[in-house]
Amino acid sequence: MPALEIITIILFAVFAVYDYGKSHSRSNNKHFLKEVLFQDVHVMIFIGFGFLMTFLKRYGFSSVGINLLLAAFGLQWGLLTQGIWHLDDGKIKVSIFKIINADFSTATVLISFGAVLGKTSPVQLLIMTILEITIFSINEHLVATVLEANDVGASMIIHAYGAYFGLAVARVLYRPGLRNGHENDGSVYHSDLFAMIGTVFLWMFWPSFNSAIADPGFTQLTAVINTYLSLAACVLSAYAISSLVEHKGKLDMVHIQNATLAGGVAVGTCADMNIGPFGAMLIGLVAGIISTLGFKYLTPILASNLGIQDTCGVHNLHGMPGILGGLAGIVAVALGKKEGGNAAMQAAALASSLGFALVGGAITGLIMKLPFWGQPPDQNCFDDSIYWEVPEEEEENEESLAHGDHSKNKAEV
Amino acid sequence: MPALEIITIILFAVFAVYDYGKSHSRSNNKHFLKEVLFQDVHVMIFIGFGFLMTFLKRYGFSSVGINLLLAAFGLQWGLLTQGIWHLDDGKIKVSIFKIINADFSTATVLISFGAVLGKTSPVQLLIMTILEITIFSINEHLVATVLEANDVGASMIIHAYGAYFGLAVARVLYRPGLRNGHENDGSVYHSDLFAMIGTVFLWMFWPSFNSAIADPGFTQLTAVINTYLSLAACVLSAYAISSLVEHKGKLDMVHIQNATLAGGVAVGTCADMNIGPFGAMLIGLVAGIISTLGFKYLTPILASNLGIQDTCGVHNLHGMPGILGGLAGIVAVALGKKEGGNAAMQAAALASSLGFALVGGAITGLIMKLPFWGQPPDQNCFDDSIYWEVPEEEEENEESLAHGDHSKNKAEV
Amino acid sequence: MPALEIITIILFAVFAVYDYGKSHSRSNNKHFLKEVLFQDVHVMIFIGFGFLMTFLKRYGFSSVGINLLLAAFGLQWGLLTQGIWHLDDGKIKVSIFKIINADFSTATVLISFGAVLGKTSPVQLLIMTILEITIFSINEHLVATVLEANDVGASMIIHAYGAYFGLAVARVLYRPGLRNGHENDGSVYHSDLFAMIGTVFLWMFWPSFNSAIADPGFTQLTAVINTYLSLAACVLSAYAISSLVEHKGKLDMVHIQNATLAGGVAVGTCADMNIGPFGAMLIGLVAGIISTLGFKYLTPILASNLGIQDTCGVHNLHGMPGILGGLAGIVAVALGKKEGGNAAMQAAALASSLGFALVGGAITGLIMKLPFWGQPPDQNCFDDSIYWEVPEEEEENEESLAHGDHSKNKAEV
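In this convention, every chain numbers its residues from 1, walking through the sequence in written order. Chain A is the first chain written and ligand 1 is the first ligand written, with later ones labelled in order. For this predicted model, a pLDDT threshold of at least 70 governs which residues receive local features, and a threshold of 80 or more governs which side-chain atom pairs are given and counted, while totals over whole chains, interfaces and linings are taken from all residues. For the side-chain quantities, the full set of heavy atoms in the structure was used; hydrogens and water were omitted.

An unreviewed UniProt entry lists chain A under the name Ammonium transporter Rh type A, with Sander lucioperca as the source organism. UniProt positions are given in the numbering used here, feature names are shortened, and annotations may be inferred rather than shown by experiment. Taken directly from UniProt, the Function (unreviewed entry) text for chain A runs: "Functions as an ammonia transporter. May play a role in the elimination of ammonia in the gill." Quoted verbatim from the Subunit (unreviewed entry) field of the UniProt record, the comment on chain A reads "Homodimer. Heterotrimer; a RHCE monomer interacts with a RHAG homodimer. Component of the ankyrin-1 complex in the erythrocyte, composed of ANK1, RHCE, RHAG, SLC4A1, EPB42, GYPA, GYPB and AQP1. Interacts with GYPB (via the N-terminal); this interaction bridges the (RHAG)2(RHCE) heterotrimer with the SLC4A1 Band 3 I dimer complexed with GYPA."

See the structure below:
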């Protein structure tokens, strides 16, 4: 880790300079708004993704802590790998805009992290971060600059890419020993509440995520409104389907924590298109339905039949809704909802994102599978205590008597 | 729920379009600032209200989860019902400004939700959402357009209205069975900390709430400063009174979680008026006092003598401070602190808000009382497990042995 | 407390007026951006500092609650004491800019609060707030106006000052009885997660903190980017060192919660200087190293040898990184990284901040040590129940019978 950071700093020393131009060339407004949106996206990356994964009863330290580690390294790496494509006098000019894109690139890693959550070591995850962001930068360059496809909210290049990259890694790292589940692979009451902190912050700031790189003015306003309405409709369908499929019409926290966000993912590609409030809500409604059904029926099948153990169900929150977003983008562009859009290029962008994800993820998985990265054994999965100094259990901290007894008890067991 | 959302989407298909005009007519600045304030208000609605209600030991899923459900539906419904009053070529033009107002309209529902928290079903609450927001839109139109009264921070049309609407509903849904309390109607250590997340986010962003619809420039600045100072003074008086009235001068979390916010409610109506920093602080000071005293002495009386069981004590946080805000507005306008203000119209606005709240709430309560909305029986009140798949208790998740004993144990009981 | 607030309100009545001028003189942009940054700083003060200190298993109410109390009073007091230096027609003109500075002044108190956390009464802390902010205002005036030193991110005048002020107070209030630790001076699993809420919000919004008072435009952009990169590098070194020094290469939550933020502190003074992305990252890297090593090796020594019991380890998060920031500023100015900078003045500013902190803290500590402020006895330290009505323990809140069984059960084992 120290070596990694030192190399990174040296690369910055060689390549990175401030972007003097930007703050002059572009109006202050834009600069200011970017700074605002940058903070909103930042909250999604660090609080949103970090706490969303704290639902596991014994993996909260790793969820928030490793999320912070990967994001902090990923944004530096993203600045470099994305900057390479836009060198200016051989320099990477760092601006708020580039920082937002760096935050975006880390999102792909945090999505993939969800698929392998609890089953990988920090070192394995740092390797994944380096490779996934590097490959992301290639695909992003291809999609945005070569294909000139529209993906303002990144349904394809972030969500679909991040999800299928993670699922490919998970497939390669398949653990037969977890076929019948793991006692720590579940939540407790308060861990589900911590996860809701992540859910709600992701939900609230998604309009900023989908509009952050949109052209200021009406286009950006459209992206905000479409995302807002898609998310709102998605919440209703997620709740409805959850209560329909669950025992006695009860709601399942897993669905609420995740499927309520699918609308933000699915509306991403066409967030800045003239699809109308109605179109945005329709996309959100469908996203909430397929996401919830995915958690209920598809995830178990993927695990048992395809050997894809998807801890957080990223396939349901980012994978399918991401593809839905890509398809919606193709349709919207074909219907002329975006000036200068090209449906074929949209389709190519989706295919490219999925291709880079699956191939890149498989290769990355194979590298992560090498035996010297400290991958945890099955029995230590989903458990902070293998990587963290974990304090004693809560109930041991009441009256010292019960405490003493109880721990003796533990000792004996 | 699916039907409800489908109807809503159809209504949007028929009525809603983007507001092209706005982003051109008004300067980008205003547009940008609105977007910023919109996010702050958004945080108050979804994190603030949602987590403030997680103080109940066994009702956290419902507090955050149903808060999300009601807000997500309410903002769609609010866009429609408020839009009806401002149709443009028979269309509702959706803008950031309209979205902020829609968020505001949902606030009334979330306030009322606090009064009936733990004692109503999601279906009952969705019905309340539809009716309360519809009636809110009528009263808001009356107050803002017909009476042309000042209520920039909505002490009257949101806080007083939402509180007394909810209290009227609670009165109609009175449960004699809960006369002597309920074992789950209380907090645990960590649930009180989750609630503080809500308190602090509400506290911090209240200046944005009270200034969101103020005229940009000095007026808006005034609204921010007045709210900020009122809240600061309110914290001091809430702490002081709490330690004065509690046993051994201890502080009561219920007071700190709620009464510290009363200053934001009470300064709402005259937030943008020239009342001076001193005036704002005085309002906050008084609000903190009456709110804390209300929790300590009035809430028990309302429950035992009037049959009004106010779970979160919204009467103390939103009701009385809302009226105080309305009265302060009348005085401030009478003293000429607002150009073009009319004290009589301010008084009429307060009366109108209270009238619509009490009558509307009573009618809504009667509809909610119909026997086929799945209202929970007394013994299941304040308990997530009736609507949610709830994970096992925390201490059952240590070593399976103790777990086994404990559950057997439970079974025997 | 009531008297205190009444006096404060009277002072506001006499001195405070709105700043009409500002919102006209300065462009709306600047005004808007300030409002945005003000909210970010606000979040750091109330959520960041408040929750960062909830790591203690039994002191969460006090951490968040007293943090709110001190901040709410401190910002009023800060407006007055800072305003005194800039009277205009004998009035303090309240503007967003002044409000940000008031928030800053409270930060010093909240830093010092961390050093004495769990060992002082609310009254003692309010006394500390009055004195520390008053002395801060003198030092700030000296540093900014007289010495004209650069300290945009306040490494010296807030972080170093707040830390050493608190350490001086802690030294005076030394408790031999806690020499061997205290059973409540530790965390539990979920309290560490609550603390991470504080850590992550502080981490995310630090770029706003360090750029809030920078000149809009390129200088401000530089402050944002430098802080962002310094923090990112700091996270990597904090994780690396934590796993190097801990048993079996495990990570220690205390390091992650605190040392990951040292980069924001250390880059503060030269955040707006042309130190280059590389320079910023180097500062962050070093800050993460010394902070983590400080927690591991220095804190125990300070407690055992110097009688300085630093509950939150503010010396490691704010003290040493603050000095590092001051030194970095001297070097950067000497290297001509800041137009018009003067290295000697930078050094004088650092010395002044440390001097006022140590002397002011010692005097404040002596006043706080007077026997009639209700300082808690050793056995009640780190325990909310001395100042708060604390609910029963979690597992006691199932059904009382099972509870009985369960605990008996425990006892029997």
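Further notes follow.
**Student:** Just to check I follow, could you spell out the relation of the copies chain A and chain C for this structure?
**Tutor:** Between the two copies of the chain lies a relationship made up of a rotation around an axis and a movement along it. The least-squares superposition of copies is restricted to C-alpha atoms, and to residues with a pLDDT of at least 70 in both copies. Superposing chain A onto chain C requires a rotation of 120° together with a translation of 0.0 Å along the rotation axis, leaving an RMSD of 0.0 Å. The superposition operator between the copies reduces to a three-fold rotation axis. When checking whether two residues touch, look at their non-hydrogen atoms; a contact exists if any pair is within 4.5 Å. Interface residue correspondence from chain A to chain C reaches only 15%, placing this contact among heterologous pairings that use different surfaces.

**Student:** How should the interface of chain A and chain C be read in this particular structure?
**Tutor:** How large an interface is tends to be reported as the accessible area lost when its parts come together. Every contact between the two is made by 71 residues of chain A and, on the other side, 64 residues of chain C. The quantity reported as buried area is the accessible area (1.4 Å probe) lost by two parts once they are put together, taken as the sum for both. Around 6,100 Å² of area is buried between chain A and chain C when both sides are counted, 73% of it from carbon and sulfur atoms. The salt bridge definition used is simple: a Lys or Arg side-chain nitrogen within 4 Å of an Asp or Glu carboxyl oxygen. Along the contact surface separating chain A from chain C lie 0 salt bridges. The term polar contact refers here to a pair of N or O atoms within 3.5 Å; inside protein, the definition further demands a hydrogen-donor-capable atom paired with an acceptor-capable atom, and it admits residues adjacent in sequence only when both atoms are side-chain atoms. Linking chain A to chain C there are 13 residue pairs in polar contact (both at pLDDT 80 or more). Residue assignment for the side of chain A that touches chain C shows that the elements contributing at least two residues are α1 (2-15), β1 (16-18), α2 (20-25), α3 (28-52), α4 (60-83), α5 (96-116), α8 (189-211) and α15 (400-412) of chain A. Each helix is a run of DSSP H or I of at least 4 residues and each strand a run of E of at least 2, with the numbering of both proceeding from the N terminus. In terms of residues, the side of chain A that touches chain C owes the most to one element, α3(A), which gives 13 residues. Three classes are used: nonpolar for Ala, Val, Leu, Ile, Met, Phe, Trp, Tyr, Cys and Pro, charged for Asp, Glu, Lys and Arg, and polar for all others, with Gly counted as polar. Broken down by class, the residue content of the side of chain A that touches chain C amounts to 40 nonpolar, 17 polar and 14 charged.

**Student:** How should the pattern of salt bridges be read in this particular structure?
**Tutor:** Where charged atoms from two side chains of opposite charge approach closely, those side chains can pair. Residue and element names in this part refer to chain B. Per the counting criterion, the structure on display carries 12 salt bridges over all chains. Of the charged contacts in the structure, one is a salt bridge between Lys-338 and Asp-272, with a shortest N-O distance of 3.0 Å. A residue pair is termed long-range when its members are at least 10 positions apart, and Lys-338 in the loop between α13 (314-334) and α14 (343-368) and Asp-272 in the loop between α11 (262-266) and α12 (276-306) qualify at 66 residues. Note on accessibility: Lys-338 and Asp-272 belong to one class, buried. Only protein chains enter the accessibility calculation, which uses a 1.4 Å probe; a residue is then buried when its area is under 20% of its type maximum, exposed when over 50%, and partly exposed in between.

**Student:** Got a minute to help me understand helix α9 (residues 218-245) of chain A in this structure?
**Tutor:** Since there are 3.6 residues in each turn of an α-helix, residues three or four apart along the chain are aligned in direction. Given a helix with a known number of residues, its expected span is that number minus one, times 1.5 Å. Helix length check: α9(A) (28 residues) gives 40 Å between terminal C-alpha atoms against 40 Å at 1.5 Å per residue, within 8%. For α9(A), the tally of buried residues reaches 27 of 28 residues, placing the bulk of the element in the interior.

**Student:** Help me understand the nonpolar core in this model?
**Tutor:** Looking at soluble globular proteins, one finds that nonpolar side chains tend to be buried together. Within the largest apolar cluster, 404 residues are counted, with the highest numbers of intra-cluster contacts made by A:Ile197, A:Phe201, B:Ile197, B:Phe201, C:Ile197 and C:Phe201. In this structure, C:Ile197 is in contact with A:Ile47, A:Phe51, A:Phe194, A:Ile197, B:Ile197, C:Ile47 and C:Phe51, ignoring residues within four places of it in sequence. Put simply, a nonpolar core is a bunch of buried Ala, Val, Leu, Ile, Met, Phe, Trp, Tyr and Cys residues held in one set by side-chain atoms that sit within 4.5 Å of each other.

**Student:** How should the packing of α12(B) against α13(B) be read in this particular structure?
**Tutor:** Helix packing for two helices is described by the angle between their axes and how far apart those axes are. Residues and elements named next belong to chain B. With axes taken as lines fitted to C-alpha atoms, and helix axes fitted only over the stretch in contact, angles between N-to-C directions fall between 0 and 180 degrees. In the contact formed by α12 and α13, the axes pass within 8 Å of each other and the chain directions differ by 135°. Classified by the interaxial angle, the pair formed by α12 and α13 is oblique. As α12 runs across α13, the sense of the crossing is right-handed. Only His-315, Asn-316, Leu-317, Met-320, Pro-321, Leu-324 and Ala-328 of α13 make contact with α12, whose side of the interface consists of Ile-283, Val-286, Ala-287, Ile-290, Ser-291, Gly-294, Phe-295, Leu-298, Thr-299 and Leu-302. Looking at the contact of α12 with α13 residue by residue, the class counts come to 12 nonpolar, 5 polar and no charged. If an angle is under 35 degrees, it is roughly parallel; if it is over 145, roughly antiparallel; if it lies from 65 to 115, roughly perpendicular; otherwise it is oblique. A crossing counts as left-handed when the near helix is turned anticlockwise from the far one by less than a right angle, and as right-handed when that turn is clockwise.

**Student:** Even after reading the chapter, I still don't get the packing of aromatic side chains, so can you show me in this structure?
**Tutor:** To describe a pair of aromatic rings, you give the distance between the ring centres and the angle between the ring planes. Each aromatic pair joins two rings of Phe, Tyr and Trp (for Trp, the six-membered one) with centres within 6.5 Å, and gets the label stacked for planes under 30 degrees apart, edge-to-face for over 60, and tilted for any other angle. The final tally for this structure, using the stated rule, is 48 aromatic pairs over all chains. Aromatic side chains C:Tyr161 and C:Phe165 sit 5.6 Å apart centroid to centroid with 45° between the ring planes, which places their arrangement in the tilted category. Here the residue C:Tyr161 and the residue C:Phe165 both occupy positions in helix α7 (residues 155-172), the gap between them amounting to 4 residues, near one helical turn. Judged by its relative accessible area of 0%, C:Phe165 is buried. Plain terms: the ring middles of C:Trp206 and C:Phe209 are 6.0 Å apart, the flat faces sit at 55° to each other, and that makes the pair tilted. Placement of the pair is C:Trp206 and C:Phe209 together in helix α8 (residues 189-211), with a separation of 3 residues, close to one helical turn. Overall, C:Trp206 belongs to the buried group, its relative accessible area being 2%. By relative accessible area, which is 3% here, C:Phe209 ends up buried. By definition, being over a ring means that NZ of Lys or CZ of Arg is both within 6 Å of the ring centre and within 35 degrees of the ring normal. Lying over the aromatic face of A:Tyr174, A:Arg171 brings its terminal NZ or CZ to 5.6 Å of the ring centre. When the ring centre of A:Tyr189 is taken as reference, the NZ or CZ atom of B:Arg58 above it lies at 5.6 Å.

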